[in-house]
Amino acid sequence: NVWTNPAEVANGVDDDGNGYVDDIHGWDFYADDPTVYDGPGDDHGTHVAGTIGARGGNAIGVAGVAWRVGLIPAKFMGPDFGLTSDAVAALDYLTALKLSGGPRIVATNNSWGGPSASPALLDAIERAGDAGILFVAAAGNDAQNNDAADHYPSNFTAANLVAVAASDAGDNLASFSNYGPDVDLLAPGV
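Along each chain, residue indices are assigned from 1 in the same order as the chain's sequence is written. In keeping with the model being predicted, local features are shown solely for residues with a pLDDT of at least 70 and side-chain atom pairs are shown and tallied solely at 80 or more, while totals for entire chains, interfaces and linings include all residues. Each side-chain value is derived from all of the structure's non-hydrogen atoms; neither hydrogens nor water enter the calculation.

### So, the environment of His 151
Counting from the N terminus, the helices are DSSP H or I runs at least four residues long and the strands are E runs at least two residues long. Structurally, His 151 is set in the loop between strand E4 (134–138) and strand E5 (161–167). It is 35 Å that separates the C-alpha atoms of His 151 and Ile 60, two residues lying 91 residues apart in sequence. Pairs of residues are marked as contacts when any of their non-hydrogen atoms sit within 4.5 Å. In this structure His 151 touches Trp 112, Gly 113, Gly 114, Ala 138, Ala 139, Gly 140, Asp 142, Asn 146 and Asn 178, once residues within four positions along its chain are discounted. Whenever a nitrogen or oxygen atom comes within 3.5 Å of another N or O atom, the pair is scored as a polar contact, on the condition that within protein one atom can donate a hydrogen and the other can accept it, and that pairs from neighbouring residues in sequence are kept only if both atoms are in side chains. Side-chain polar atoms of His 151 contact the side chain of Ser 154, separated by 2.9 Å.

### Notes on the side chain of Asp 86
Residue position: Asp 86 is located in helix H2 (residues 84–99). Each residue's exposure class comes from its accessible area (1.4 Å probe, protein chains only) as a fraction of the maximum for that residue type: buried when under 20%, exposed when over 50%, partly exposed otherwise. When charges are counted, Lys and Arg contribute as positive and Asp and Glu as negative, whereas His and the chain ends are disregarded. Any Lys or Arg side-chain nitrogen located within 4 Å of an Asp or Glu carboxyl oxygen qualifies as a salt bridge. Despite being buried, Asp 86 has no salt bridge partner; Lys 75 is the closest side chain of opposite charge, sitting 11 Å away.

### A word on the pattern of salt bridges
Counted by the stated rule, this structure contains 4 salt bridges. Ionic pairing is found between Asp 38 and Lys 75, a salt bridge with its closest N-O pair at 2.6 Å. Pair noted here: Asp 38 is in the loop between strand E1 (27–28) and helix H1 (43–53) and Lys 75 is in strand E2 (residues 74–75), with a separation of 37 residues, a long-range link. On the basis of relative accessibility, which here comes to 45%, the residue Asp 38 falls in the partly exposed class. Classification of Lys 75 by relative accessible area gives buried; the value is 13%. A salt bridge links Asp 92 to Arg 127; its shortest N-O distance comes to 3.0 Å. Here Asp 92 is found in helix H2, whereas its partner Arg 127 is found in helix H3 (residues 119–130), with 35 residues between them in sequence. The class of Arg 127 is partly exposed, set by a relative accessible area of 37%.

### Looking at the packing of aromatic side chains
Centres within 6.5 Å make a pair out of two Phe, Tyr or Trp rings, where for Trp the six-membered ring is used; the pair is then stacked when the planes are under 30 degrees apart, edge-to-face when over 60, and tilted otherwise. All chains considered together, the criterion is met by 7 aromatic pairs. When the centroid spacing of 5.7 Å and the interplanar angle of 70 degrees are considered together, the rings of Tyr 30 and Phe 81 count as edge-to-face. You can see Tyr 30 sitting in the loop between E1 and H1 and its partner Phe 81 sitting in the loop between E2 and H2, a full 51 residues away along the chain. Classification of Tyr 30 as partly exposed rests on a relative accessible area of 34%. A centroid spacing of 4.9 Å and a plane angle of 55 degrees characterise the contact between Tyr 152 and Phe 156, whose relative ring orientation is tilted. Of the residues examined, Phe 156 reaches a relative accessible area of 10% and is grouped as buried.

No statement about biological role is implied by the geometric values presented.
This is the structure in structure tokens:
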């Protein structure tokens, strides 16, 4: 279910003029290249993408919860970390794709976070919201109340932000998941 950019060809040229050469299946903002899967260091993002949108009914691997969803990789983390500036660039990339008349992007998945708030990131989230894109943010995996210990971006109060905690196989809060009154819903995470 990974998106293919119909306006781009693998030829070393920025065919669609968006500033990203050969962004056929999205962009890696961490490495600044079109290779969106770099091996085992990308396991978390790949796992989450599979939970969301792996095709089911085909006897291959796992089945996600939305079998017909399109997935556009906008990677900004490496094996150990990612920069907020790259997260902003990734979100702006997706917003620009939608505004250019490209794919119908309705939401972004953001299964990452930390204790620091970034005004630049909040601005990018709100720009996405102005374009009609939901920003779905993981509540975090520290088994703590997000009111007692900040977790961003899930603790931002943008109108288009949905904070999601992880549920287990019994549809209960996963033992590792953060929680709190600002968490909007539970979704499969185990």
